[in-house]
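# Observations on the three-dimensional arrangement
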Amino acid sequence: MSGLMGVRLLLLWGCACLWLPSLARGALVISQDHEVPQETSGAARSLQKRSIKDATVEVYSVTVDCTVTSRFAHTVMTSKALNKANSSQEIFFEVELPKTAFITNFSMEIEGQVYVGEVKEKEKAKKQYEKAVSSGQTAGLVKASGRKMEKFSVSVNIAAKSNVTFILTYEELLQRKLGQYEILTRVKPKHPVQEFQIVANIFEPQGIAFVDAHATFLSNDLLPLVEKTVTDKKAHISFSPTMEQQRKCPGCDGTLIDGDFIINYDVNRAQSLGDIQIVNGYFVHFFAPPDLPRVPKNVVFVIDRSGSMSGKKMAQTREALLAILKDIHEEDYFALIQFDHVITTWRDSLSKATKGNVDEAMDYVRGIRDNGGTDINAAVLKGVDMLVKDRLEKKLPERSVDMIVLLTDGMPNSGESNLPRIQENVRSAIGGNMSLFCLGFGNDVDYSFLDVMSKQNKGVARRIYEASDATLQLQGFYNEVASPLLSEVDLRYPDNAVDFLTTNHFSQLFNGSEIVVAGRLTDNDLDNFLVEVFGQGFEEDFKVQGQATAFDWDVMYPDEEYIFGDFTERLWAYLTVQQLLEKSKSGSPDEKGNATTKALEMSLQYNFVTPLTSMVVTKPETEDGTDSPLIADKLTEEQRQQAEKLAHRFASPALHSHYHHQPAPTYFVDGDPHFMIELPDRDDALCFNINDKPGTIFTLVRDPESGILVNGQIIGDKKIPPSGKINTYFWRFGIIHQTLGVRLEVSTHDISVFQDGKRIKLLWSDTASLKGPNVDLLVNKDSSLMVTLKDSVKFVILLHKVWAKHPYHRDYLGFYTLDSHLLSPSVHGLLGQFYHGIEYEVTDLRPGEVPDKPDATMFVKGQALNVTRGWQRDFRRNMKNGENVPCWFIHNNGTGLIDGDERDYVVSGLFKTV
């Protein structure tokens, strides 16, 4: 495109009304020298570095307009730019928005022509996108952006002396958290803008209890520019600095506007019935009664202490538990269970949160250490058993709430490991009698598994991000559920007066939160619209009823030009679609199908971009006569998690430059047989399998200059398993160092050392060491052998013992190279060829056959390979279960990555080179 010859302009947006459950969050960044998205070409990356003084595209207007009507937020972001050059220019528009919001419109106005997005079924949009891609055009895709955001970007070519206007609209129902709603706008414009304005109008018929507006960047000079007008039922907040007020100094290009603009508010809650609003045939009921006593709770903390929790995760978990225990209410009961492949309890029953019990529990928590595998099934069932047993024995208050809080960072790999079976076991054991809250720590956890299991058991799941504030994340979640006010809450309406009701039964109402129910009226006769709310409180059942009345919005807000007519219907639609999407994951098979169909139908009807739909914007024709679509998607939590995992793995080496010593690369083969090349300097790994018939011997390492040779022989399963696939493993290694005159044969049975015509035999059943002038051996009983060859190389061989009566599998070995820098440049072999590094690039990340295993294109050794993001296990720190290591999997026996063909590495004997 000719625009690549001009200055690129990148507009980064985001403002909104966002999750944490009640938060409205967003970011707005406008920059002409911002980092260009990964997909852009090298030419674009170089052009974007030009000075602002050379820019020929001017952003002259940036506005954010957020209107909140009874918690339903409608946000419009508009940016206008002018191409001042005498030639066409390429302009980038990157939008960042909250992951819980639904995009409802994205449009561009170019030279009087408006290009409007169209919401389509995802599969239909995908076909249009693939057609565009196949013809060499570009398309924009939504990407994850941090914990709470997602973004999509589009570039458009603008003719000389022309204007472009970008408009993004999205909607979201704000959820109350810890007693307030929050609207957060992140602004980083980089340079002063002629028209810069943030406006929020809040309309709440219940009456506004308080409004607070502040910003992290507000100096004494800027503070008066925040205008706040609050009446009984309306708040208006605006921030609109002039260009001179935005500047860091007179004549500077830099701007003071750099940080978060935050609005917090809550509404009046005088009625125990809550607030019912009826507009244009739809109603919404907000229920958060004031001044209810909290219900005592009985909580079992089930804490993962497996090997993958080692280090910072475990320390942060201990710190969070200590803070939680310190603040636990004295009338509550609690228990502590820690688990790896073994389940350990602090006490056999729950204990009342007296000062003495809490002090003892805190001492116990300080002693929790990581070790072993991950048996989630047995751990959660143990927690259920404790609550059931104490209930039967009447050790717990009759009017109290039972809950389990599970914290884990990994996949179940000990005990029961079938995920649907674990979910069914837990659901059956709980029987609807308690709530399960699942906290998934880090990016290796199967969040979907935890999410479904929580929803099946009256709870929610939450991702805990592996970061410095993980302790605060854990505490924050617990604070949300620490004070139950009511349980088994039913909101009832006349059967003959409403239909299409959203969820109206809730397991719990927590202090500081809010229940929202919406529906459609079958007629407008409000004389008999009786509303009833039932729930179980602390000392007695909660029951309240009353007559719903409709507000006259024109009377309430006589001076407003805003059209409120359909906000209740859109609120109802938003809430309905969200609940249908949840049911499509955690319901019965029939419920899942029906929920998915209905959610898709409503997403299309209301123009919502959801996980089932995409918004397609066809851009104007380019000079070559083609047009190309922008595809705006809604990511699932699993897609976000995978993207974040990849982003972590692809972190620039520069980010790690403060470490004086980079970990050395590791090269190993283990399992069936999985070859792995870990490259810490790139924070990445490559892997491939070698499949051949049992008995084949491969050369793993061969260094002709030093005379080192490592060969390995594979063995197969005892018989064909039900899957029909015979697994093969290494069971024997032959190691030679000709210069030192050492030869080792390591099998799953024993270890033999040949030197100077003598043979020494070591057994795996003993812990032993052998030190010689040229070789050191260290055997850890039934687990590992470390081989150190003088002035040369260090290997570790792991022994994997299988149950002797296993019908299929056999014992096998894993081979790990720990230190290879002293080998010569001529070293080769299936592992040895990588000892001196491997150059490659990965690009074009795209969905793969498996949802959490995306495909990509790898450029290596002059070839383009299709590779898949997957995991292999590293058993060095956790012999029993291993640790998941993400890697790029190269298909077809490593073809294209390894030199030649896998058959080139086959030899005729354990100590042969041919």
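The shown structure was predicted, so the numbers you read here are calculated from the model rather than taken from an experiment.

### Looking at the overall build of the protein
For the protein, the helix and strand inventory stands at 14 helices and 55 strands. For the protein, with 914 residues in total, the buried portion stands at 56%. Considering only intrachain contacts with a sequence separation of at least 6, the fraction spanning at least 24 residues in the protein is 67%. Per element, the accessible surface of the protein, about 38800 Å² overall, is 49% carbon and sulfur.

### A closer look at the sheet that holds strand β5 (residues 57-69)
If you trace the eight strands from one edge of the open sheet to the other, you get β9-β8-β13-β6-β5-β15-β18-β17, paired in mixed fashion. Two strands bound the open sheet, and with one partner strand each, they are β9 (113-116) and β17 (226-230). In this sheet, neighbouring strand axes are inclined to one another by 10° on average, regardless of whether the strands run parallel or antiparallel. Pairing geometry for strand β15 (residues 195-203) and strand β18 (residues 234-239), over six bridges, is antiparallel. Note that in β18 the partner of N201 across the bridge is H236. Packing of helix α11 (residues 567-586) onto the sheet brings it into contact with β5, β6 (72-83), β8 (102-110) and β13 (163-173), and relative to β13 it is tilted by some 70°.

### Examining the packing of helix α7 (residues 419-430) against helix α8 (residues 447-455)
Two numbers describe how α7 lies on α8: the axes approach to 10 Å, and their chain directions differ by 20°. Classified by the angle between their axes, α7 and α8 sit roughly parallel to one another. Crossing geometry of α7 relative to α8 is assigned as right-handed. Taken together, the residues of α8 that come into contact with α7 (itself represented by L419, I422, Q423 and V426) are F449, V452 and M453.

### What about the pattern of salt bridges?
Taken as a whole and assessed by the stated rule, the structure comprises 37 salt bridges. Between D232 and K233 there is a salt bridge, and its shortest N-O distance comes to 2.8 Å. Several salt bridges converge on common partners, so that one network encompasses R71, R176, E204, D266, R269 and E514.

### Details of the packing of aromatic side chains
Scanning all chains against the criterion turns up 27 aromatic pairs. Ring geometry for F102 and Y574: centres 4.9 Å apart, planes at 50°, overall tilted. Of the two residues, F102 sits in strand β8 while Y574 sits in helix α11, which places them 472 residues apart along the sequence. We classify F102 as buried; its relative accessible area is 2%. Centre to centre, the rings of F217 and F239 are 5.8 Å apart; their planes meet at 45°, and the pair counts as tilted. With F217 in the loop between β16 (208-215) and β17 and F239 in strand β18, the pair connects residues that are 22 residues apart, well separated along the chain. Note on accessibility: F217 and F239 belong to one class, buried. Taken together through their ring pairs, the aromatic side chains of F72, F102, Y282, F500, W572, Y574, Y606 and F608 make up a single cluster. The ring of F286 carries R71 above its face, with NZ or CZ at 3.7 Å from the centroid. It is R869 that lies over the ring of W888; its NZ or CZ is 4.6 Å from the centre.

### Structural notes on helix α4 (residues 312-326)
Under the 1.5 Å per step criterion, the end-to-end length of α4 is 21 Å for 15 residues, consistent within 8% with the ideal 21 Å. Within the span of α4, buried status applies to K313, M314, Q316, T317, R318, A320, L321, L322, I324 and L325. Elements that come into contact with the buried residues of α4 comprise β22 (297-304), β23 (333-339), α5 (355-366), β26 (401-408), β27 (435-441) and α9 (470-481).

### Some thoughts on the pairing of strand β21 (residues 282-287)
With respect to burial, β21 is a largely interior element, six of its six residues being buried. Of the two faces of β21, the one carrying Y282, V284 and F286 and the one carrying F283, H285 and F287 are both buried. With five bridges joining them, strand β20 (residues 275-279) and β21 adopt antiparallel strand pairing. Within β21, the residue paired with I276 across the bridge is H285. As defined by bridge partners, β21 adjoins strand β32 (residues 515-521) across six bridges and the pair is classed as antiparallel. Among the inter-strand pairings, F283 is bridged to a residue of β32, identified as G519.

### A look at the side chain of E480
On the secondary structure map, E480 appears in helix α9. Within polar-contact distance, the side chain of E480 engages the side chain of R462 at 3.2 Å.

### Describing the sheet that holds strand β34 (residues 541-547)
Spatial ordering of the open sheet is given by β31-β29-β33-β34, a layout of four strands whose pairing is antiparallel. At either margin of the open sheet sits one strand with a lone partner, and together these are β31 (505-510) and β34. Neighbour-to-neighbour, the strand axes of the sheet open up by a mean angle of 25°, direction not taken into account. By the bridge criterion, seven bridges tie strand β33 (residues 530-536) to β34 in an arrangement that is antiparallel.

### A closer look at the confidence of the model for the protein
For the protein, mean pLDDT is 82; residues scoring 70 or higher make up 86% of the total. Across residues 1-54 the pLDDT falls below 50, and counting only partners more than four positions away or on other chains, this stretch makes 194 contacts in the model. Counting contacts from residues 648-662, a segment whose pLDDT is below 50, to residues more than four positions away or on other chains yields 19 contacts.

### Some words on helix α12 (residues 589-605)
Count 3.6 residues to each turn of an α-helix, and residues three or four apart come out pointing the same way. With 17 residues, α12 should reach 24 Å at 1.5 Å per residue; the first-to-last C-alpha distance of 25 Å fits that figure. Elements in contact with the buried residues of α12: β10 (118-121), α11 and β35 (613-618). Where α12 ends, the next residue or the one after it, N607, has phi of about 60°, a positive value.

### Some details on unusual backbone geometry
Unusually for a residue other than glycine, K458 sits at a positive phi of about 60°. Inspection of the secondary structure puts K458 in the loop between α8 and β28 (461-464). By relative accessible area, K458 is classed as partly exposed at 26%. We note that F500 has phi near 50°; this positive angle belongs to a residue other than glycine. The residue F500 is located in the loop between β30 (498-499) and β31 in this model. In this structure F500 comes out as partly exposed when scored by relative accessible area, which is 43%.

### Observations regarding the side chain of S349
Within the secondary structure layout, S349 lies in the loop between β24 (343-345) and β25 (351-352). Separated by 3.5 Å, the side chains of S349 and K389 make a polar contact. Those residues in contact with S349, other than ones at most four positions away along the chain, are M386, K389, D390 and K395.

### Considerations on the packing of α4 against α5
Between α4 and α5, the least distance of the axes is 9 Å, while the angle of their chain directions is 175°. As the angle between them shows, α4 and α5 are arranged roughly antiparallel. Touching R318, L321, L322 and L325 of α4 are V358, A361, M362, V365 and R366, all from α5. Here the contact of α4 with α5 is composed, by residue class, of seven nonpolar, no polar and two charged.

### So, the environment of I760
Relative to the helices and strands, I760 is located in strand β45 (residues 758-763). Using a relative accessible area of 38% as the deciding quantity, one classes I760 as partly exposed. Along the primary structure I760 and L770 are separated by ten residues, whereas in three dimensions their C-alpha atoms are 9.5 Å apart. When sequence neighbours within four positions are dropped, the list of residues in contact with I760 reads I751, S752, V753 and L770.

### Here's the deal with the pairing of β18
Direction of pairing for β17 relative to β18: antiparallel, over a ladder of five bridges. Considered in β18, the bridge of K228 is made with I237.

What counts and what doesn't
- Residues numbered from 1 in each chain as written.
- Predicted model: local features only at pLDDT ≥ 70, side-chain atom pairs only at ≥ 80, totals over all residues.
- Heavy atoms only, no water.
- Helix = DSSP H or I, 4+ residues; strand = E, 2+ residues; numbered from the N terminus.
- Buried < 20%, exposed > 50% of the residue type's maximum accessible area, 1.4 Å probe, protein only.
- Contact = heavy atoms within 4.5 Å.
- Areas by Shrake-Rupley, 256 points an atom, 1.4 Å probe, with all protein chains shown as cover.
- Pairing = 2+ DSSP bridges.
- Axes fitted to C-alpha atoms, helices over the stretch in contact; angles between N-to-C directions.
- Parallel < 35°, antiparallel > 145°, perpendicular 65-115°, else oblique.
- Left-handed = near helix turned anticlockwise from the far one by under 90°.
- Salt bridge = Lys/Arg side-chain N within 4 Å of Asp/Glu carboxyl O.
- Phe/Tyr/Trp six-rings, centres within 6.5 Å; stacked < 30°, edge-to-face > 60°.
- Lys NZ or Arg CZ within 6 Å of the ring centre and 35° of its normal.
- Expected span 1.5 Å × (residues − 1).
- Polar contact = N/O pair within 3.5 Å; in protein donor to acceptor, adjacent residues only side chain to side chain.
- pLDDT = per-residue confidence, 0-100.
- Nonpolar A, V, L, I, M, F, W, Y, C, P; charged D, E, K, R; others polar.

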